[in-house]
Each structure stands twice: as structure tokens, then as C-alpha cells.
There are 2 protein chains.
Amino acid sequence: MLTYSFTNIGSDPLYQYLYKCIKNDILQGILPVGEKLPSKRSFAKNLGISTITVENAYAQLISEGYLYSIPKKGFFVADCNVHAVEKKNHVLPEITVENLHLTAPNSTYFVDFSSNQTDMENFPFSIWAKLIRELLHENRLELLTNPPSGGILPLRKAIANHLLAFRGMHVLPEQIIIGAGTEYLYSLLIQLLGNDKDYGVEDPGYKKISQIYRSHEVSCHFLPIDNCGIQISELENSHTDIVHISPSHHFPTGRIMPISRRYELLGWASKSPDRYIIEDDYDSEFRMAGQPIPTLQSIDMSGKVIYINTFTKSLASTIRISYMVLPRDLLQTFYRKLAFYSCTVSNFEQFTLAHFISQGHFEKHINRMRNFYHHKRDVLLTTMKKSPLWKYITISEEDAGLHFLMKVDTSLSDEEFCLRASKQGIHITSLSQYYETPPIDSQSMFLINYSSVPEERMKEAVDRIYKGCIT
Amino acid sequence: MLTYSFTNIGSDPLYQYLYKCIKNDILQGILPVGEKLPSKRSFAKNLGISTITVENAYAQLISEGYLYSIPKKGFFVADCNVHAVEKKNHVLPEITVENLHLTAPNSTYFVDFSSNQTDMENFPFSIWAKLIRELLHENRLELLTNPPSGGILPLRKAIANHLLAFRGMHVLPEQIIIGAGTEYLYSLLIQLLGNDKDYGVEDPGYKKISQIYRSHEVSCHFLPIDNCGIQISELENSHTDIVHISPSHHFPTGRIMPISRRYELLGWASKSPDRYIIEDDYDSEFRMAGQPIPTLQSIDMSGKVIYINTFTKSLASTIRISYMVLPRDLLQTFYRKLAFYSCTVSNFEQFTLAHFISQGHFEKHINRMRNFYHHKRDVLLTTMKKSPLWKYITISEEDAGLHFLMKVDTSLSDEEFCLRASKQGIHITSLSQYYETPPIDSQSMFLINYSSVPEERMKEAVDRIYKGCIT
């Protein structure tokens, strides 16, 4: 039987020494590939050591790929060159998780009217590259200095100035909390406001919001909306504490909450210290027409509005930077309860974005993108008007953001309509899909998100909808 | 009284039209700064419109800084040039939140032995800059394509290969979930495993871990450790479902869990389907001496270990990229419940890091840093040995990571010792601070984290400790 002397063991633990001896013999070919090793018990007895020592040595050899074990057979020397290890890796049984989770969920559609992907061609690559290059040369100390929980001061200042200029909001930098996406900020808010509260979300609405509340196992209601947004009477009846809304551009209907309803909501919130409004202003930069209505945050005198916005819509969906503006009365609580968290956005991107905003690039970018999307919308609408499809459709809410609604005169069910479009290579979603309980009048309404649709495919896409779903 | 005609109103809502008329008069100086506007009620009566319409117009003018209101006095024309708006911003009452939250928590100490900030001078700026530059030129499509929830495939593959080479772990890319820091990953795990579970953390331990569980309002126990780590008997008695440990380098004691205890822990976990082990391997790259012990993940045959590691220690504390390796049986649950979340790390940094690892830079960086920290530790220990302080101290656990423990022969309380050091400009923490219930033998033990301490300050720092705390 294999045997080793323990006279030269030095300061190693026993199992470690044994591990090294066997590993050495394997690497030198003294123990050839496939060779069976002694059983733990007999080996231990032979060497005059405990079984657990042999077990530990074998375990380390297995974990490093030098040995493999076959249940009830024993331990064998593995083929331990790199290729063998890779092969071993490959024969792990397949996991049947959708392919989606490993590669980017790249659309295989000819045109995807449901995608919220930002347009590829308009990201300001050269300016971004220049700003990063400068930072990596000149701001090394700042880049590597741990930021406060809410984010670096230059970015918070830049955002405060942006909010003043574009939304008329008077906000102090310390009210602004930077986070890696709005989804992350929602989870911070649950921790801030309490998971014993009742959260109310819009029906219809952006599915992810209710998914996030439910994933945190907090109580979450759906609240029906009318033409002006969430109805106060429904809110009063629902025991909601925190209402989560997008008043400047409701998703997916595109409706804008008039100022009267905004005041009513603020009135509702001021009736109890537990009540708050989360104002999600996600694509307000891209309003196509009309005077912007003041944000709820800016007309809120009782500290009841938490304003949230993101750069994922206005810059790139793959850069994860969002922020929230906390009312001043909540700041102490936030810093006491949650300031121990590290900021989730890398300093490198925080500084790049801060410079991008403060040097005026963001303003120019938004203006360029607004014109770009405006033009895209006009081309699509003109294309639709020229198509035989036009007789069967009515367009609404085309001024508010990056999508509009298309009402279709059809006897097809929504599922059937979307399925037929899909067979034509067109991905389209129905308004009813965004409802928890779809009302009758939501039928035959479809979302047309044109933000990522190439202009040159629009005519073909409209033709295909007509061909597949109307005739 | 001020009056306007509504004959040219066009398609504007009434309040919007009124808002524009007043704004125009203010901008043209027809309404001078300080001018009092009519009360809402009388103005509405005069114009033949409803009070709410006037109220809405005034609200928008206030939010945009054209008007201001004084309670019980009325509405007045503001000085609406930019400086006035800035001034208005400045006179908002001060918020008394610690300065810490606005600026980086930059140490004002001469030397900070408690900081986990990564060393400034060693970040591979030029390689990082080169990789980003290449990406921004050549990989634009990938940079802007939404990644799957778990992160981009090239980074997950690069990490899988790294884990195989450095930790002997056989992991499929789909088991790896990328997130913006381990703190974020903990919150994902609470959602995955359930907030009805009992979580157990090490006492002493890294405070943030228990803070995060408590912030999510889940049940969290402290479990005492002995020389080998968490005690199984304590674990059995505590009703813990999920145990959160750092077996390769316990913080702050630096202890390494021997393989026998690792097997016992796996045995404990396999007794119930609700039990899991979170293995936090946060600084294993910087082990100074000795053979690494296999990770719990690599000897776990029952799918009970969730492995977590981070690049914040090995690369830069301000780049927020961490990952976890889920056991294969938990993958389906993860993708079903949580794949709706967007990945929290920007594509730009995911791709940069993926290239950094796969081109071999990460391995070189770790080796360089390990030598760098090794040297730093040696210089500090040599400095201590030459100092009169040496007679009063005993050093332990100096091989395991970026800090060691210093036992001091002193009659001072831990608080008094740290306070005296602080008066000398030396920030130092006591082991007892990391305990929920400090045992007697944790007294007079202090943490010496040398990772961010400049070599040239070490002698002076040791002298100051001697001067301030011993003599």
C-alpha cells in the first residue's frame, strides 16, 4: 500500500502534508491516471493517522481536480491537465434554464414595438470616451476614494442643477440619493418606509413595480386609473399608505395627470404621517409637445413626495444610474437607517456622468434625442397614414413619450392579434396585458414603442401588421 | 385689477393659458418684482373662471420661480433671473445631516488602521483605460444591448474560469449572478430564500451583514465562534435556517475554518431543505501563507452553499462589482422569481472587467497586490519589532488577509485605548467593537488593517501609539 513518512512534516497540518505528498506523486506520474487510492480507513490505519485526516487530504485533492471519487468504488487519480479539467466541467449535467438568462435577450423579431432598449446609434460615445480618459488621467484620487452612501457630491450637485433648470425643482444635493437603477431604489424605499406599509400601484402599469413589491413580500394593491390618473376615492378605500405613480407620463396609457388631481393626491397624502407618494418621472425628458406640468415634488409643501428619475431612458439602458429626491423630513431617517449601505454605482461612472451633465453635454444630448425620437414618431405616423392599415386604426397619446397607443378596429382577440403579428416577425403588446384586471374598453388597444425601431423597417413593419392582422 | 382676454386661447387648457399670460407679463416687466397679484378668488371672479384654474396657474408659476407666496399675505412677483433662483435655493433652511453624507468620508487621521479602502497607487489605470477605450470603439453594440439579469456572459465565463484556476471550483456561468456589491446580493438572497427564514451571522463579525438583515426586517441571530468558526451545537440550538460565514478568513479575527468544521457545517445544512450556507470569500485572494483550504462550495455535494465574492477588495473599493455562485438546485427558483430584475452593474464596467480577467491582467494584478501587501505587512511588523511598543504587544493571525490582531498588555479599557490613539491622529478599532456580546478574552485586542497605510507613515504611527497609549 501507498505509504509516506511524516518525519519531514514541518509546520504543516497533518492532512495538508499528506495532500502535498499525494499531489506530488500524481504530478510526477508516480501515481498514474486511473490508479485507485487506498480506502480512507485502511490508509489511515497504515499511516497511523486518523481517518478524518485522510478524508481532509482527499477532499482537497478532489476539489482541486487531482482525484475523483466513484461512490462505493473509491478514489481514483484524475487526468489533471487543463483539458481534462475543462472536459470534466463540460460533462456536468445540463441545466434547463431558458437561454435568455445566459445571453442577452436579443430580439429575433424583424421589429419589436415592445422594446424599451435605447436607440443604439445615438449614444455619445466619443464624448463619453473623452471624459473617462480625462478622469483616468487626472482624477485618480477621487476615483478611488469611497463615496458617501448617497453618491458623489459633484453628481448630486449636477443633478440638482439639472432639476432646477429643466423641472423647476429646488432640491439640495443631500436630498438626492444615487442608486444602480430605479429597481434598486424601490428596495431602499421599502426599507426606509417600512415593509408593514400598504403599497398602491397603478392598474394598468409597469409590471416590474408590482413584481418588486411582491418579491419583497410587502402588501401591494392595484388601483384603477381614470383619464386623470389614480382615483382618490379608490385610494381612500384601499388602505394604501404609499402610492407609486408616474403622473407626467403614465405607462402604458401615456396619460398625464392634470394639476387638479395632483393637488388632490397631495391632499390625500397630507392626511396621515404614514402616507407618501412615489413620483416616477421616468421619461419626462422626452415629452414631445405642450408645456410640462410641474412635478408633484415641486408643488409639494408637506414633504410627502419622493421623486424618482433615471438615466437609463435618457442616456443608455445599460448604464445603471438612477436617483431619488427625498423630502427633507425623511432625510434624517434615511441617513440614520440606511447610510451604512455603500453606494451601488461605481465612482468611475458617477464622475463621468457628473462631468457629462455639468459640461452641458447632457442637455445637448436630450435635445438631440428628443428631436430624433420626434422625427421617428413622425415618420412612423406618416407611414401609417399612407398604409391601408390607417382605415382600421386610431392613434392616441402620441405627444407624451417614446410610445403611443393604437386602437384597432378588429374582431380578433388581443392574444390572437399579437400572435398573428408575431408570425409576421412583429413583436407587439396589447394594453390589456398591462392590467391586473383589464376593463372592456382596454380591448384592441396596442402599444407602439418606436424608440428602438429603425426608420428603414417601419414601412415593412406596418405592411406586415396589415397583412397579418387585418386581411 | 389685472385682466386677460381668453379669446386667443387656442388648444391650451385654461390654467395653462393664464400661466403663460402672467409669465409673459413678468418677463416683459409689465408685472414688476414685488408686485402683489390678485387673490385667487377675486381674480377668478374677475376673469369669469374657476378658482382652481387660478390656483393651478399660480402653482406652476411658483414652481418655476416666477411667483412666491407669503402665507396669509398673498402672491408676489419674484426676482426671476438666474441669480435670484440660486439665492432662493440658498436660503432654504439648512439640513443638519452630518457632513459625512455629502462628501466622501475622507479620513482626517494621520493613519487609519480601520479603513478597508484599497490602496490608491496600485489600481491598473493604464490597462483599465486601454480596455475601456477599445470597448468604446469596437464593442458599441454589445455595450448598449440589455444584458440578462445575471450579467453579461463573457464576465460570467471569465469568473468561472478564474474560480476553476484559483479556487478549484467547477462552476457553470449560469450559476454566477453579477451584482452591484455584495450588499445588494444579500438583499437578492433574502428575496430568494425567503424573509420568513432565520439568518445566523458570526459574533464577532462584519457589522454591515447583520445591519442588512435587520434593515430587511428578517430574523437575525448572532452565533458565537470558537477557534474553528461557528459552533455546530450553537447553530443547532438557534433555529437558524441560513448561516452567513466567512470561513476562509473570518472578519475580524482572521481565523480560518478547518476542513473538519466545514464538513460538519455541510452535515448540518443537509439535514433540512430550508438550510443554506452563505460562504463569503471576500478577501481570499490575499492569503499570505499556507495552502488554501478548499471552499465550502467546492466540497458541497448537496447544493447547500451559496458562494459570494467581490472585486471591491481585489480591484478597487469604488468599483461595485460582486458575484454569487448559486447551487444548481436553486437556479430554477432564482430565474423564476428574480430574473425580472435588471442587472445592477453597468455593461461598460462588466465588459471592461471581463476583458481584464480573460486577458490575464487580473491574475497579474492579484499577484502584484499580494506581494505589495505582503511587503507592507512585513515593513509594519519590522517597525513594530524595533519599537519599544513591541514589549507590550502580541501579534496574531498575520498570514490571513489584509489585517492582523494586536493584543496589548494594558490596563486601559478598549474605549480609552482607542480614544488615546485617536488623540494622536491614529484611528484604531478594538476587537470588542465587532462583538454583539464581547467575551472577556476579546479585551485589549485591536485590529490593524494595513492595506491603505502608507509605508512612510508606519514608524511615526507606531511611535504615536506607544506615546499615546502605553507611556
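For the structure itself, consult the block above.
Below is a short write-up of the structure.

**As for the packing of aromatic side chains**
Right, so step 1: Scanning the model with the defined rule gives 41 aromatic pairs over all chains in all.
Right, so step 2: For the pair A:Tyr184 and B:Tyr184, a centre-to-centre distance of 5.9 Å together with 70° between the ring planes defines the contact as edge-to-face. Of this pair, A:Tyr184 sits in helix α8 (residues 182-193) while B:Tyr184 is found in helix α8 (residues 182-193), placing the two residues in two different chains. B:Tyr184 carries the same exposure label as A:Tyr184, and that label is buried.
Right, so step 3: Taking 6.3 Å as the distance between ring centres and 35° as the angle between the ring planes, the aromatic pair formed by B:Phe43 and B:Tyr58 counts as tilted. Taken as a pair, B:Phe43 in helix α2 (residues 40-47) and B:Tyr58 in helix α3 (residues 51-63) lie far apart in primary sequence, 15 residues in all. Of the two residues examined, B:Phe43 and B:Tyr58, each falls in the buried class.
Right, so step 4: Members of the aromatic cluster, joined through ring pairs, are A:Phe123, A:Phe125, A:Trp128, A:Tyr307, A:Phe311, A:Tyr323, A:Phe356, A:Phe362 and B:Phe348.
Right, so step 5: Positioned over the ring face of B:Phe110 is B:Arg464, at 4.0 Å from the centre of the ring.

**Describing empty space enclosed by the protein**
Space left empty within the atom packing is revealed by a probe, the size of a water molecule, rolled over the atoms.
Right, so step 1: The full count for this structure, using the stated rule, is 14 cavities of 30 Å³ or more.
Right, so step 2: Looking at the largest cavity, its volume works out to about 120 Å³.
Right, so step 3: Forming the walls of the largest cavity are 14 residues, and the residues nearest its centre are A:Ile190, A:Asn195, A:His216, B:Asn195 and B:His216.
Right, so step 4: Sorting elements by how many residues they give to the lining of the largest cavity places α8(A) first, with 3 residues.
Right, so step 5: In the lining of the largest cavity, the residues fall into 2 nonpolar, 10 polar and 2 charged.

**Some remarks on unusual backbone geometry**
Residues and elements named next belong to chain B.
Right, so step 1: Geometrically, the link from aspartate 203 to proline 204 is a cis peptide bond, its omega value of 5° lying close to zero.
Right, so step 2: Within the secondary structure, proline 204 sits in the loop between β5 (198-203) and α9 (207-215).
Right, so step 3: Note that the residue after phenylalanine 251, namely proline 252, is joined by a cis bond; omega there is 0°.
Right, so step 4: Structurally, proline 252 can be placed in the loop between β8 (242-245) and α11 (259-269).
Right, so step 5: The phi torsion at glutamate 217 lies on the positive side, around 55°, for a residue other than glycine.
Right, so step 6: Take glutamate 217: it is sitting in the loop between α9 and β6 (219-226).
Right, so step 7: Among the residues examined, glutamate 217 registers a relative accessible area of 48% and is labelled partly exposed.
Right, so step 8: A positive phi angle is found at serine 444, which is not glycine, with a value near 60°.
Right, so step 9: Judged by its relative accessible area of 10%, serine 444 is buried.

**Regarding the interface of chain B and chain A**
Right, so step 1: Facing the 96 residues of chain B at the interface are 97 residues of chain A.
Right, so step 2: The interface formed by chain B and chain A contains 0 salt bridges.
Right, so step 3: Between the two partners, chain B and chain A, sit 18 residue pairs in polar contact (both at pLDDT 80 or more).
Right, so step 4: Sorting elements by how many residues they give to the side of chain B that touches chain A places α3(B) first, with 6 residues.
Right, so step 5: Classifying every residue of the side of chain B that touches chain A by side-chain character gives 50 nonpolar, 31 polar and 15 charged.

**Considering the environment of A:Lys20**
Right, so step 1: Residue position: A:Lys20 is located in helix α1 (residues 14-27).
Right, so step 2: On a C-alpha basis, the gap between A:Lys20 and A:Lys376 in space is 67 Å, while along the polypeptide they are 356 residues apart.

**Notes on the relation of the copies chain B and chain A**
Right, so step 1: When chain B is brought onto chain A, the operation consists of a screw motion whose angular component is 180° and whose axial shift is 0.1 Å, with 0.1 Å RMSD remaining. Both chain copies can therefore be described as sitting about a two-fold axis.
Right, so step 2: A symmetric contact is evident, with 100% of the interface residues of chain B recurring at the interface of chain A.

**Some points on the packing of helix α15 (residues 347-358) of chain B against helix α16 (residues 361-386) of chain B**
All names here are of chain B.
Right, so step 1: Where α15 contacts α16, the axes come no closer than 4 Å and their chain directions differ by 75°. Judged by the angle between their axes, α15 and α16 are roughly perpendicular. Of α16, the residues touching α15 (which contributes His355, Phe356 and Ile357) are His361, Phe362 and His365.
Right, so step 2: In terms of residue class, the contact of α15 with α16 is made up of 3 nonpolar, 3 polar and no charged.

**Comments concerning the sheet that holds strand β13 (residues 403-408) of chain A**
Residues and elements named next belong to chain A.
Right, so step 1: In space, the 4 strands of this open sheet follow the order β12-β13-β16-β15, with antiparallel pairing throughout. The sheet terminates laterally at β12 (393-396) and β15 (429-430), the two strands that pair on one side only.
Right, so step 2: Two strands pair when backbone bridges link them, and β15 and strand β16 (residues 445-449) are joined in this way by 2 bridges, in the antiparallel orientation. Within β16, the position partnered with threonine 429 by the bridge is leucine 447.

**Topic: the pattern of salt bridges**
Right, so step 1: A complete count under the given rule lists 26 salt bridges over all chains for this structure.
Right, so step 2: Note that A:Lys197 is salt-bridged to A:Asp196, the shortest N-O span being 3.3 Å.
Right, so step 3: In this structure A:Lys197 comes out as buried when scored by relative accessible area, which is 13%.
Right, so step 4: Among the residues examined, A:Asp196 registers a relative accessible area of 58% and is labelled exposed.
Right, so step 5: Among the ionic pairs, B:Arg275 bridges to B:Glu236, the shortest N-O distance being 3.7 Å. Of this pair, B:Arg275 sits in the loop between α11 and β9 (276-280) while B:Glu236 is found in helix α10 (residues 232-237), placing the two residues 39 residues apart along the sequence.
Right, so step 6: You can call B:Arg275 buried: its relative accessible area is 14%.
Right, so step 7: The network of salt bridges with common partners includes A:Asp226, A:Arg261 and A:Glu264.

**What about the sheet that holds strand β12 (residues 393-396) of chain B?**
Residues and elements named next belong to chain B.
Right, so step 1: The antiparallel open sheet is built from 4 strands, whose spatial order is β12-β13-β16-β15. Because the sheet does not close on itself, it has two edges, and the strands there are β12 and β15 (429-430).
Right, so step 2: This element, α16, spans β12, β13 (403-408) and β16 (445-449) of the sheet and lies at about 15° to β13.

Rules of the game
- Residues numbered from 1 in each chain as written.
- Chains lettered and ligands numbered in written order.
- Predicted model: local features only at pLDDT ≥ 70, side-chain atom pairs only at ≥ 80, totals over all residues.
- Heavy atoms only, no water.
- Phe/Tyr/Trp six-rings, centres within 6.5 Å; stacked < 30°, edge-to-face > 60°.
- Helix = DSSP H or I, 4+ residues; strand = E, 2+ residues; numbered from the N terminus.
- Buried < 20%, exposed > 50% of the residue type's maximum accessible area, 1.4 Å probe, protein only.
- Lys NZ or Arg CZ within 6 Å of the ring centre and 35° of its normal.
- 1 Å grid on protein atoms, 1.4 Å probe; cavity = no way out; pocket = protein on both sides within 12 Å on 5 of 7 lines; lining within 4 Å.
- Points joined across faces, edges and corners; volume = space filled by probe spheres on them.
- Nonpolar A, V, L, I, M, F, W, Y, C, P; charged D, E, K, R; others polar.
- Contact = heavy atoms within 4.5 Å.
- Salt bridge = Lys/Arg side-chain N within 4 Å of Asp/Glu carboxyl O.
- Polar contact = N/O pair within 3.5 Å; in protein donor to acceptor, adjacent residues only side chain to side chain.
- Least-squares fit on C-alpha atoms with pLDDT ≥ 70 in both.
- Axes fitted to C-alpha atoms, helices over the stretch in contact; angles between N-to-C directions.
- Parallel < 35°, antiparallel > 145°, perpendicular 65-115°, else oblique.
- Pairing = 2+ DSSP bridges.

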